[in-house]
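Architecture at a glance
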Amino acid sequence: MFEFWHFKSVSTEIYKVIEADYNYFLVTLSLLVASFAAYALLVALEQTWLVGTNKALKHWKILGSVVSGLGIWAMHFTGMLAFMLPIPVSFDVGLTILSVFVPMVGVYFSIRLLAKQDFSFVTVQCSALCLTIGLSSMHFIGIEAIKIEAVMYYAPLLFITYIVSAHLLATVIIYSIIKFHSVTRHVFITKIIISTVIGIALVCMHYVAMAGVVIYIYIDNTFSFYNMNDAAVAFSLDIARIVLIMVATTILFALVEKRLLKAELKIKHSAIREKDIVENMADGLLTINSSGIVESINSSGFIMFGYERDSLIGCNLQSLMKSKRFQHLSAISLDKALQSCLGQTFVAQGVKQDGSEFPIEVNFSKISLQTQDLTIFNFCRLYTLEVAD
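Residues numbered from 1 in each chain as written. Predicted model: local features only at pLDDT ≥ 70, side-chain atom pairs only at ≥ 80, totals over all residues. Heavy atoms only, no water.

Quick look at the packing of aromatic side chains now. In this description, an aromatic ring pair is defined by two values, namely the gap between the centres and the angle between the planes. Summed over all chains, the structure comprises twelve aromatic pairs. Ring geometry for F77 and F91: centres 5.3 Å apart, planes at 55 degrees, overall tilted. Here F91 lies in strand 4 (residues 90–91) and F77 lies in helix 2 (residues 54–82), a separation of 14 residues in the sequence. A ring pair is formed by F140 and Y162, whose centres lie 5.3 Å apart and whose planes are at 80 degrees; its orientation type is edge-to-face. Within this pair, whereas F140 is found in helix 4 (residues 121–144), its partner Y162 is found in helix 5 (residues 156–181), the two being separated by 22 residues in sequence. Across the pair, exposure class does not vary: F140 and Y162 are buried alike. An aromatic cluster is built from F140, Y154, F159 and Y162, whose rings are joined through pairwise contacts. Over the ring of F358 we find K352; its NZ or CZ atom is 5.5 Å from the centre of that ring. (Phe/Tyr/Trp six-rings, centres within 6.5 Å; stacked < 30°, edge-to-face > 60°. Helix = DSSP H or I, 4+ residues; strand = E, 2+ residues; numbered from the N terminus. Buried < 20%, exposed > 50% of the residue type's maximum accessible area, 1.4 Å probe, protein only. Lys NZ or Arg CZ within 6 Å of the ring centre and 35° of its normal.)

With respect to the helices, strands and loops of the structure, T190 is situated in helix 6 (residues 187–211). Accessibility expressed as a relative area gives 17% for T190, which makes it buried. Within the structure, T190 has its side chain in polar contact with the backbone oxygen of H186 (distance 2.7 Å). Discounting residues that sit within four places of it in the chain, T190 has contacts with V183 and R185. (Polar contact = N/O pair within 3.5 Å; in protein donor to acceptor, adjacent residues only side chain to side chain. Contact = heavy atoms within 4.5 Å.)

Put simply, the protein has an average pLDDT of 80, and 81% of its residues get 70 or more. Low pLDDT, under 50, characterises residues 328–332; the predicted model gives this stretch five contacts beyond four residues in sequence or across chains. Note that pLDDT drops below 50 for residues 371–379; the model gives that stretch 34 contacts with residues more than four away or on any other chain. (pLDDT = per-residue confidence, 0-100.)

Here is the structure:
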């Protein structure tokens, strides 16, 4: 099935070289498809740098490798269709299908390394090597998939040139991605420019690989140049449309997730800000449930009652303040008493951890939180009263 190592020289006495031509419309289309694939790669990597959960990170690694890997293959196959020979050409279905998945694997491992945001020289070279292996394998499997009545020969010098240039171009791709990572202004324009640069690098990989292939036919064969089949052009356009749809879907997913992340971040910032406000209040602030059990308390409250941090959580309100309103009340009657105190301010005696008492002014208000059951919370705001001598 595979005859990869076509390095054995061909006798020029019985074989002659045939020259290939290119359909430049398909060459241009392959560049456009490669740029689409590069844009999808940047979108996916951008999301891996933003998401905060391992599950989302895994999803974007897979999605990015599938979409951009498929786009890279579409560039490669469009380039293969653009390669025009003066003899009939067909493709081995099994090898062609295999060549679809190879770049996805290479891109996946490259994304895994870049997602860590460790852009050291070693990481860059390892990531570039993943791309080089994945894309080179795709190119040569694709070349092996060509079915023609001829002999293919890999020119050793051009073959080595391709391997070296492929890694250099992959390194350019990785450094372009790193450059995008540091961009904070004009992100969209920068993304388009870098996608184009990466697209050019990908296309160069393909056509340098094709340049290393020499095709021979028997010297006494006669042939006439085959014109590009309209069906092949239409097929290339269909592939480009599919890639464009997948890239657009990836962009849409990224936009939705960015909005969700922004909303989540806004909620977190709001919660942190509110917590800071509560913590830095000069007055004590307790949150108690409907049974009078302390759910939370701020720093001023701890200082006021002389307790260690978190040691007040779970205490009963009746053990913290003496008031005729709350003495000898059951949990049910305490709930009713608290309800009757809403919006009112009264004076009570606070009880510190050491048992000493101090006068406090108390005000109750209420919030309702919906969890599994409806629970009533009461805010108890405490003011230490100054007692004149």
